[in-house]
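A look at the structure
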Amino acid sequence: MTGPGLFPKMNGTRWGLSVVAIALFAAFPLIYNGQYVLSVMVTTMVLIVLNASWNFSLGVAGVWNFGQLAIYALGGYGAGILMLHAHLPQWICILLGAAFGALVSVIMALPTLRLFGIYTSLLTFAFAEIVQYAILNDGSGLTGGSYGFPMVNGLFDSMSPDGQMRANYWLVLAVIVITTISLAAITQSSLGIGLRAARDAPAYAASRGLSPIKMRLAAFAISGFLGGLAGALYLVIEQSISPSAMGLTAMSIDVTMLVIGGLGTNLGPIIGTAIVSIVQALLVTHPGVELTVVGIVLLVVVVFAPGGLVGVGSDLIGRVGSWVDEDDVAPAATEPTPAAVGTSSTGGTDVAE
Amino acid sequence: MTNVVGILVTTIILGSIYGLVAIGMTLIYGALRILDMSQGSMVMIGGFVGWAILVSASWNPVLAILIAFAATFILGTLTELVSVQTLMNKRGGIDFEMVTFITTFAVAMILENVALEIFGPQQRNVTPVISGGINIYNGIYLPWQEVAMALVSIALMGGLGLFLARTRWGMAIRAVAQNLDAARLMGVPVNRLYPLTMGLASALAGVAGVFLGSLYFASPTAGDLPLLQALIVVIFGGLGSLAGTVWAAYLIGLIQATTQVLIGDTWALPILYAIILIVLIVRPQGLLGKPAEARL
């Protein structure tokens, strides 16, 4: 496995199932027209992009990064400030917002290189708190402070409200598909194998010639770009963003989504985000009950299925038939690394050079 | 001069209460090697116990402290049984520190939202444990409430130190902290020791909660800020080092008091975070932490 392939390696059945699932989701707004359900789905799908990006640094690279929501918010704010003040096309602003997320993420990763575990989480979390504080107390009018960002135009303002909803839905769906395929391909590439090796056996990986510094910076750049992209998408779809998007409650729910789905797996963020969002939507009138249920589910999943629902799923499928690609299961939940490091020794070194 | 006295008094009071909340986390990390995210909820529950005893039942404040101690001791023990003990036999195959971080976090989420369902989101005033106060210097007014808080905190921290140094169970906790396998081989009952440790730590946070509740409010989210502050103190002092935690608590109290008096209350927390960022970059293992523990 040298270099990232354009598409992740999967067998025919899984490709077929994926294409059918994508086609069903793409057709959904043509058949169903309930605006409330569609808007909840679009919001959930933006969260999927965010959680997929976070999963890459937290799950695949195994860095205790709790600053991802700050990157998300900064992507949104960065794109918004460009939209209001730079007179660039909105598409460019969104991409520049994502690039800004990547830049900030790399800067945030630099001081974490000497730390590990819980120290990393506190440092990244402190960074996020400072960003939130700076935005909340910004008196210059650039970010709108605690009132939220001034309204920006939607991407599809010329269309009817129904059409806007559909266009947003398809846009985010396309982003999810591209994000998931690229992240899966990166996870299977030498970079991904190196990251997982450094996560599970840091000393061994380093002694085999992998540079933890370069790999971690690359992981944070990728994760930050997608996180910033999610923030910019949130901004143009909701037409605003506020500091509460990066608050402690939002972070707790996002972590829950990742763990329930399966940390470090490709499908985990999608499944976890969908399930928790459905629970939230069903219990929306009882905020206390809603999060209690989410907390209990989180506890049960971690204790009985540390690999998350994706881990359980592939276990079951693996027992029924043997067609599940074993790459998809979180390595943390299964075998430790010597095998993974062994396979990366050919492709892994070129990352370190 | 007025400023200096004000800063010193605030430092002692803030530092004592930070120390009381954070020392439980250090104790748990030292003995169990887990970071207990449910400690903030114990502070919150202590606040509600204080409210229930002092306001609803208008009983004796000493009773409030004792009941809060007992209630959070039991809850802490249960938390350990649910979120740590269930994972003990899987210890080899998983990232124990990360998984228990998540399970205790889930317990915190459950406790906080059960409290939200029972008590509702509003903030409740808790009557001071002791009313009145004293004018100490040039217009600096010191409520007895805060004096009592500092004294009780210092007494409890000292008591914990004695407990760890002198009693059989205390020595067992220290033995486990030093070497889990060796302690097991010497016959330390780890499966009973872990719940005891976590119950004890939670009870300290619960007592802190009674005082914090009457100082600020009792509300379902009242534990969030103390949890963050305790995390900062614990990491600043070096994870697992009790002496480091006490030093860090007063040092952070000093930083916060200085910021409050000289710059303003709203800047206290961000300046604290900025200092933590710098400390972690310069000295990743904290004040008294062991370097080998924090580096690869």
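1. Quick notes on the interface of chain A and chain B
Contacts between chain A and chain B engage 38 residues on the former and 47 residues on the latter. Together chain A and chain B conceal approximately 3800 Å² of surface at their shared face, both sides included; 79% is due to carbon and sulfur atoms. For the chain A face of the interface with chain B, the top three residues by lost area are A:Arg114, A:Tyr119 and A:Leu122, together amounting to 19%. Here chain A and chain B share zero salt bridges between them. Here chain A is connected to chain B by zero residue pairs in polar contact (both at pLDDT 80 or more). For the side of chain A that touches chain B, the elements supplying multiple residues, two or more each, are helix 5 (118-136), helix 10 (248-261) and helix 12 (287-304) of chain A.

2. Notes on the pattern of salt bridges
Residues and elements named next belong to chain A. All chains considered together, the criterion is met by one salt bridge over all chains. The salt bridge partner of arginine 199 is aspartate 200, with a shortest N-O separation of 2.9 Å. Judged by its relative accessible area of 18%, arginine 199 is buried.

3. Describing the confidence of the model for chain A
In the predicted model, chain A carries a mean pLDDT of 82, and 88% of its residues have values of at least 70. When the criterion is pLDDT under 50, residues 330-353 of chain A qualifies, and its contacts beyond four places in sequence or with other chains add up to 37 contacts.

4. Focus: the packing of aromatic side chains
One pass over the full model with this rule turns up eight aromatic pairs over all chains. Centroid distance A:Phe28 to A:Tyr32: 5.3 Å. Interplanar angle 20°. Geometry classified as stacked. Using a relative accessible area of 35% as the deciding quantity, one classes A:Tyr32 as partly exposed. With centroids separated by 6.0 Å and ring planes inclined at 65°, the aromatic side chains of A:Tyr72 and A:Tyr234 adopt a geometry described as edge-to-face. Placement of A:Tyr72 in helix 3 (residues 68-85) and of A:Tyr234 in helix 9 (residues 212-238) is noted, with a sequence separation of 162 residues between them. Accessibility expressed as a relative area gives 3% for A:Tyr72, which makes it buried. Clustering of aromatic rings is evident, with ring pairs tying together A:Trp54, A:Trp64, A:Phe66 and B:Phe101. One cation-aromatic arrangement involves B:Arg124 over B:Trp51; the distance from NZ or CZ to the ring centre is 4.5 Å.

5. Brief notes about the packing of helix 9 (residues 224-237) of chain B against helix 11 (residues 268-282) of chain B
Residue and element names in this part refer to chain B. Between helix 9 and helix 11, the shortest axis-to-axis distance is 11 Å and the interhelical angle comes to 30°. With respect to each other, helix 9 and helix 11 are oriented roughly parallel. Helix-helix and strand crossings are classified by hand; for helix 9 and helix 11 the assignment is left-handed. Along its contact with helix 9, which presents Leu225, Leu228, Gln229, Ile232, Ile235 and Phe236, the element helix 11 presents Leu269, Tyr273, Ile276, Val279 and Leu280. Its residues assigned to classes, the contact of helix 9 with helix 11 shows ten nonpolar, one polar and no charged.

What counts and how
- Residues numbered from 1 in each chain as written.
- Chains lettered and ligands numbered in written order.
- Predicted model: local features only at pLDDT ≥ 70, side-chain atom pairs only at ≥ 80, totals over all residues.
- Heavy atoms only, no water.
- Contact = heavy atoms within 4.5 Å.
- Buried area = accessible area lost by both parts, 1.4 Å probe.
- Salt bridge = Lys/Arg side-chain N within 4 Å of Asp/Glu carboxyl O.
- Polar contact = N/O pair within 3.5 Å; in protein donor to acceptor, adjacent residues only side chain to side chain.
- Helix = DSSP H or I, 4+ residues; strand = E, 2+ residues; numbered from the N terminus.
- Buried < 20%, exposed > 50% of the residue type's maximum accessible area, 1.4 Å probe, protein only.
- pLDDT = per-residue confidence, 0-100.
- Phe/Tyr/Trp six-rings, centres within 6.5 Å; stacked < 30°, edge-to-face > 60°.
- Lys NZ or Arg CZ within 6 Å of the ring centre and 35° of its normal.
- Axes fitted to C-alpha atoms, helices over the stretch in contact; angles between N-to-C directions.
- Parallel < 35°, antiparallel > 145°, perpendicular 65-115°, else oblique.
- Left-handed = near helix turned anticlockwise from the far one by under 90°.
- Nonpolar A, V, L, I, M, F, W, Y, C, P; charged D, E, K, R; others polar.

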